[in-house]
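Coordinate analysis (summary)
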Amino acid sequence: MEFEEIRPYHDEELPQIFEELIADPAFQQVACAVMPGVPFEAIAQKMRASKTKQEFQENLCYGILHKLAKDTTDGLILESMAVLNKQSAYTYVSNHRDIILDSGFLSVLLVEQGLDTVEIAIGDNLLIYPWIKKLVRINKCFTVQRALTMRQMLESSIRMSRYMHYTIAEKKQSIWIAQREGRAKDSNDITQDSVLKMLAMGGDGDIITNLQELNIVPLSISYEYDPCDYLKAQEFQLKRDIPDFKKTTDDDLLNMQTGLLGYKGRVCFRMASCINEDLGELDRTLPKPELFVAISALIDKRIHANYRIFANNYVAHDLLHNAEEFVEHYTAEDKKRFTSYIDGQLERITIPDKDVDFLREKLLLMYANPLTNYLAATK
């Protein structure tokens, strides 16, 4: 079958995969770390009792994500649900803050609304161990293949797009995909044309018709605090100072772990309406590059306008520009707390020739950019 390499597991494949995971010492170690105090035998029993991917998520993942939300956030919020038809499948296109939790928390919030969890597009660069690859495929992930030649990339993009169209139209299953490859390190969230081009490859119509078939819903994700902010700032300096700097597998693991276990404050998910009508109003005769620019701008505006803006964002903007433009949006205590938080994050950076002024500016930019984009989208 065309999608064998990239699709999630079918339910009938699960018993075999569960046994392989249960026998894997690396998986055992991680499972026990994530669920301290629970004997591994009890975890294995819950796995074997799960007959479907949905049951696995309900029996194991839902509880873990709930505990993570309780331990590392000041609450998860889902807003603007009224715009969705519970009978339809949607493609949620969102900004990207956390490697695992953006889609994980979304699924928890959807389940609480009586909706199904989403299938998730995940880059194969993150599937660094066999147990991770198996676990994500149980969790309804399909694989975005990276590091391919140009020709392979085209074939892979067509296959993935066809899979997404099939998933929405035939399986009636909603999907989550980030608006760009990787996280926006500076929180300046812009939809990549390459993502839209891939989405439009899968149907039999023109660009607009093909995108309308996917029922795209722009989704805004706002974290009050980003636990990986200091790692992102550090990466900015390393890339500045080392021309051929590349993150290692250990770096990816540290980012995943920090994102999962670090403090996030309040986390808000806001959905815009499905953009099918807006797509229908675009000029289909525009040259392709211009059309994709217009579609990106449409999605970006919806995402930016739906950010939840926290006091941190206002404080960061004022500190970055050495101004008091937004002083009515925060208290002296808010400013003191955020400044002290930034100082603490700077202290966690331990690279040689640490450029504190540069790093501080990058950290402030991460918190100021959502406000900058929100103001531009709502004026």
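Residues numbered from 1 in each chain as written. Predicted model: local features only at pLDDT ≥ 70, side-chain atom pairs only at ≥ 80, totals over all residues. Heavy atoms only, no water.

Under an unreviewed UniProt entry, the name given to the protein chain is Acyltransferase, and the source organism is Bacteroides clarus.

A closer look at the overall build of the protein chain
Under the convention used in this document: Numbering of helices and strands runs from the N terminus, with a helix taken as a DSSP run of H or I at least four residues long and a strand as a DSSP run of E at least two residues long. For a compact globule the rule gives 2.2 Å times the number of residues to the power 0.38, and the radius of gyration it is set against comes from C-alpha atoms. Computed with a 1.4 Å probe, the accessible areas rest on the Shrake-Rupley method; for each residue, only the protein chains presented here act as cover. Counting rule applied: Lys, Arg positive; Asp, Glu negative; His and chain ends not counted. A charge is said to be at NZ when it belongs to Lys, at CZ for Arg, at CG for Asp and at CD for Glu.
Each helix and strand in the protein chain was counted, giving 16 helices and seven strands. In summary, the protein chain has a C-alpha radius of gyration of 21 Å against a globular reference of 21 Å for 379 residues, a match within 12%. For the protein chain, the spread of C-alpha atoms along the principal axes amounts to about 60 × 60 × 45 Å. Working note: accessible area of the protein chain is about 17,700 Å², and carbon and sulfur atoms make up 52% of it. The distance from the centre of the 44 positive side-chain charges to the centre of the 57 negative ones in the protein chain is 1 Å.

Description of the packing of aromatic side chains
Worth spelling out the cut-off: Put simply, two rings from Phe, Tyr or Trp (the six-membered ring, in Trp's case) pair if the centres are within 6.5 Å, and we call them stacked under 30 degrees between planes, edge-to-face over 60, tilted for the rest. Note on exposure labels: buried denotes an accessible area under 20% of the residue type's maximum, exposed denotes more than 50%, and partly exposed covers the range between, all computed with a 1.4 Å probe on protein chains only.
Inspection of every chain in the model, using the stated rule, returns 14 aromatic pairs. Consider the rings of Phe27 and Phe40, whose centres lie 6.3 Å apart with planes at 75 degrees: the pair is edge-to-face. Residue Phe27 is located in helix α2 (residues 25-34), and its partner Phe40 is located in helix α3 (residues 40-49); the two are separated by 13 residues in the primary sequence. Of the two residues examined, Phe27 and Phe40, each falls in the buried class. Both rings, one in Tyr314 and one in Phe326, keep their centres 5.5 Å apart while their planes meet at 45 degrees; by these two values the pair is tilted. You can see Tyr314 sitting in helix α14 (residues 311-320) and its partner Phe326 sitting in the loop between α14 and α15 (332-347), a full 12 residues away along the chain. Its relative accessible area of 12% is what places Tyr314 among the buried residues.

What about empty space enclosed by the protein?
Operational definition: Lining residues are those with an atom within 4 Å of a point, where the points come from a 1 Å grid over the protein atoms alone and group into cavities, where a 1.4 Å probe fits but cannot get out, or pockets, open sets with protein on both sides within 12 Å along at least five of seven lines. Grid points are joined across faces, edges and corners, and a volume is the space filled by probe spheres set on the points. Under the scheme applied here, ten amino acids are nonpolar (Ala, Val, Leu, Ile, Met, Phe, Trp, Tyr, Cys and Pro), four are charged (Asp, Glu, Lys and Arg), and all others, including Gly, are polar. Segmentation into domains, and thus their bounds, comes from an automatic or database assignment.
On inspection of all chains with the given rule, the structure shows one cavity of 30 Å³ or more. Approximately 130 Å³ is the volume found for the largest cavity. Lining the largest cavity are 13 residues, and of these Arg97, Tyr223, Asn313, Met366 and Pro370 lie nearest its centre. Those elements that provide at least two residues to the lining of the largest cavity are β6 (216-223) and α16 (356-378). Taken together, the residues of the lining of the largest cavity break down into seven nonpolar, three polar and three charged. Two domains each provide a minimum of three residues to the lining of the largest cavity, namely domain 1 (71-226 + 261-307) and domain 2 (310-376).

Considerations on unusual backbone geometry
In the Ramachandran plot, Lys140 falls in the positive-phi region, its phi being about 65 degrees despite a non-glycine side chain. Following the sequence through the fold, Lys140 ends up in the loop between α6 (130-138) and β4 (141-144). Owing to a relative accessible area of 4%, Lys140 belongs among the buried residues under this scheme.

Considerations on the pattern of salt bridges
Using the following cut-off: Salt bridge, as used here: a side-chain nitrogen of Lys or Arg that lies within 4 Å of a carboxyl oxygen of Asp or Glu.
Enumeration over the complete set of coordinates arrives at 24 salt bridges. Linking Lys140 and Asp116 is a salt bridge whose minimum nitrogen-to-oxygen distance equals 3.1 Å. On the criterion of sequence distance, the pair formed by Lys140 in the loop between α6 and β4 and Asp116 in the loop between α5 (101-112) and β3 (119-123) is long-range, its members being 24 residues apart. Arg302 is the partner of Asp278 in a salt bridge, and the nearest nitrogen-oxygen pair spans 2.9 Å. Taken together, the residues Asp278 in helix α12 (residues 276-280) and Arg302 in helix α13 (residues 288-305) connect sequence positions 24 residues apart. Residue classification places Asp278 among the partly exposed residues on the basis of a relative accessible area of 22%. A single salt-bridge network, built from bridges that share partners, covers Glu235, Lys239, Lys247 and Asp252.

Considering the domain arrangement of the protein chain
Spelled out, the test is: Two residues form a contact once any of their heavy atoms are found within 4.5 Å. The buried area of a pairing is the accessible area, by a 1.4 Å probe, that goes missing from both parts when the two are put together, added over both. The term polar contact refers here to a pair of N or O atoms within 3.5 Å; inside protein, the definition further demands a hydrogen-donor-capable atom paired with an acceptor-capable atom, and it admits residues adjacent in sequence only when both atoms are side-chain atoms.
Taken domain by domain, the protein chain holds domain 1 (71-226 + 261-307) and domain 2 (310-376). Taken over C-alpha atoms, the centre of domain 1 sits 28 Å from the centre of domain 2. Every contact between the two is made by 15 residues of domain 1 and, on the other side, 12 residues of domain 2. Summed over both sides, the interface between domain 1 and domain 2 buries roughly 1,300 Å², with carbon and sulfur atoms accounting for 56% of that surface. Contact with domain 2 buries surface across domain 1, with Glu224, Tyr225 and Tyr307 losing the most and accounting together for 38% of the total. The interface formed by domain 1 and domain 2 holds zero salt bridges in total. On the surface where domain 1 and domain 2 come into contact, there are six residue pairs in polar contact (both at pLDDT 80 or more).

Looking at helix α4 (residues 53-72)
To keep things clear, this is the line we draw: Think of it this way: the bend at a residue is just the angle between two axes, each fitted to seven residues, one set ending at that residue and the other starting at it.
Where α4 bends most, at Cys61, the angle is about 40 degrees. Taken together, the buried positions of α4 are occupied by Lys53, Phe56, Gln57, Leu60, Cys61, Leu65, Leu68, Ala69 and Thr72.

A few points about the environment of Ala305
Mapped onto the fold, Ala305 is located in helix α13. The residues touching Ala305, leaving out its near neighbours within four places in the chain, are Tyr374, Ala377 and Thr378.

Here we look at the packing of α13 against α16
Where we set the bar: Lines fitted to the C-alpha atoms define the axes, with helices restricted to the stretch that makes contact. Angles between their N-to-C directions range from 0 to 180 degrees. For this classification, under 35 degrees means roughly parallel, over 145 means roughly antiparallel, 65 to 115 means roughly perpendicular, and everything else is oblique. Handedness of a crossing follows from how the near helix is turned relative to the far one, being left-handed for an anticlockwise turn of less than a right angle and right-handed for a clockwise one.
Closest axis-to-axis distance for the α13/α16 pair is 8 Å, and the angle between their directions is 110 degrees. Viewed along their axes, α13 and α16 adopt a mutual orientation that is roughly perpendicular. When you trace α13 past α16, the crossing you get is left-handed. Where α13 approaches α16, its residues Lys301, His304 and Ala305 are matched on the opposing element by Asn373, Tyr374, Ala377 and Thr378.

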